[in-house]
Amino acid sequence: MMEAGDCMKEMFKAVKQYVGNPSDNNLSKLNRNIYGLIALTHDSVSSVFNPRDALTMQCMSCLIDILDGAVVPDLFERIIVLLTKLVEDDSQCKLLTERYSLTNVLSILCIHKLSDSIQLLTKCLCLLQKITYINKVRFEDGFVDELVKFIIQFIPTNSLNVDNQQLCRVCVCLLANVCRNNLPVQTYVKNLRNIKQIYKTLVGFIAIPNKDFNIPSLSVLTCLYLHDDIGQNFFSPVNINQTFLLIFNVLVSSEPERSRKYAIDLVIDLIRHPHISDLLVSFQHLELTVKQVLNLLKSKALLDAGKLFELLLAFCSVSKLRSVVCRCVFESKDSEIHLIESIMAWIKQSSSPLSVLALSLVRELYEVLVYYKYSS
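Note that the coordinates shown come from a computational prediction; the quantities given were computed from them, not determined experimentally.

K.L.:
So what's going on with the packing of helix α18 (residues 286–296) against helix α20 (residues 319–330)? Which residues, and what values?
P.N.:
Their axes nearest at 9 Å, the elements α18 and α20 cross at an angle of 60 degrees. On the basis of their axis angle, the class for α18 and α20 is oblique. α18 and α20 meet at a crossing whose hand is right-handed. Here L286, E287, V290, K291 and L294 of α18 come into contact with α20, specifically with L321, V324, V325, R327, C328 and V329. For the contact of α18 with α20, the per-class residue count stands at 8 nonpolar, no polar and 3 charged.

K.L.:
Can you tell me about the layout of surface pockets, naming the residues and giving the values?
P.N.:
Considered as a void within the structure, the largest pocket measures approximately 1400 Å³ in volume. Around the largest pocket, the lining comprises 31 residues; the ones closest to its centre are E88, D90, Y133, K261 and L303. Those elements that place two or more of their residues in the lining of the largest pocket are α6 (90–100), α8 (118–134), α10 (165–179), α16 (257–270), α19 (305–316) and α22 (352–375). Broken down by class, the residue content of the lining of the largest pocket amounts to 12 nonpolar, 5 polar and 14 charged.

K.L.:
Got a sec to walk through helix α17 (residues 274–281)? Specific residues and values, please.
P.N.:
Where α17 is concerned, the buried positions are I276, S277, L279 and L280. Across the axial projection of α17, the buried residues extend over an arc of 160 degrees, all falling on one side. Next to the buried residues of α17 lie α14 (232–235), α15 (240–253), α16, α18, α19 and α20.

Rules behind the numbers
- Numbering of residues starts from 1 in each chain and follows the order in which that chain's sequence is written.
- Local features in this predicted model are restricted to residues whose pLDDT is 70 or higher, and side-chain atom pairs enter the listing and the counts only when it is 80 or higher, whereas totals over whole chains, interfaces and linings include all residues.
- As a convention, hydrogens and water are excluded, and side-chain values are obtained from all of the structure's heavy atoms.
- Working convention: axes come from line fits to C-alpha atoms, limited for helices to the stretch in contact. Angles between N-to-C directions cover 0 to 180 degrees.
- Counting from the N terminus, the helices are DSSP H or I runs at least four residues long and the strands are E runs at least two residues long.
- If an angle is under 35 degrees, it is roughly parallel; if it is over 145, roughly antiparallel; if it lies from 65 to 115, roughly perpendicular; otherwise it is oblique.
- Here a crossing is called left-handed whenever its near helix is offset anticlockwise from the far helix by less than a right angle, and right-handed whenever the offset is clockwise.
- Residues are treated as being in contact if the distance between any of their heavy atoms lies within 4.5 Å.
- Each residue gets one label: Ala, Val, Leu, Ile, Met, Phe, Trp, Tyr, Cys and Pro are nonpolar, Asp, Glu, Lys and Arg are charged, and the others, such as Gly, are polar.
- Buriedness of a pocket was judged along seven lines, with at least five required to meet protein on both sides within 12 Å; pockets are open sets of points on a 1 Å grid over the protein atoms alone, cavities are sets where a 1.4 Å probe fits but cannot get out, and lining residues have an atom within 4 Å of a point.
- Grid points are joined across faces, edges and corners, and a volume is the space filled by probe spheres set on the points.
- Under the scheme applied here, a residue whose accessible area is under 20% of the maximum for its type counts as buried, over 50% as exposed, and between as partly exposed, the area being computed with a 1.4 Å probe on protein chains only.
- Our arc is simply the arc of the directions from the helix axis toward the C-beta atoms.

Coordinates in, geometry out; function isn't part of it.
Now the structure itself:
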């Protein structure tokens, strides 16, 4: 297999030849080079995409420019697959988005060029979902209202079927992304003419036995209606236990991990509100849930450990919840590996951002111990 630098040089030649003359031969050569780069990303995204390398940045610029041209299905699919691989790294995702306005480019591509190809549209929307999960969109960017209207048309008002299930799931997740912590988008969505039907559809998705739909649907409804009377259907003292059970069941047992990420974000958003954090403190299964979350950290193969640490730190931002986390960590006697040892292992073995999160959690826990030691 070619080295990343050599592969990028070949790619640059192939891009230039195709842009200058989009013949079948040049298209085939470009497709082969993109496939080679995709193969290299399996080992390390950073080894392929070096933002300090001018040649790399020129290649990316040319590939994204190609997406602005006439649709060539095979080529577009390869480019989207490559970009999907690159944005798996959060820092690369932010850089690509900021430098090339990738959210804008992909939104326009979906809305105006890909409606006739459901397979290609779904892949492009999946890429948009990943990008907008990491990078917040701004309503004033100008394309967001069009994007919201576009994705809502794929959230069916009748029952799901096999043909539209994946596309619908991506659109619900994408809607959750653009609504989260974004008041202008929330206001726009709530004022849509068909909002009542959208609400009924999302409520229906919460009830189906499919984790990929339950939490993103609840996330959208939380963004839109947490402080309205409608929100009382989910977050009143009478109903909150069922809502907690739904979220935590997905959180501690979820496959794929994307559902867990949305569940964690939802809990973090909810406990920012004092009346909900008070209800969570009295939740019957809270200690069991915290222990299950902590036990997940024993796995060194865990891909979303950072999100779990974010959740535990969010718990620690509420005094009574922090005490619960501390008690679960230091009073656990039912495992071979002490829970504090599994947390310390992440500090020693992980990359810097994850180590910092783990260290922050340890600091929070020992603050509780020191406080109770001196107060008693």
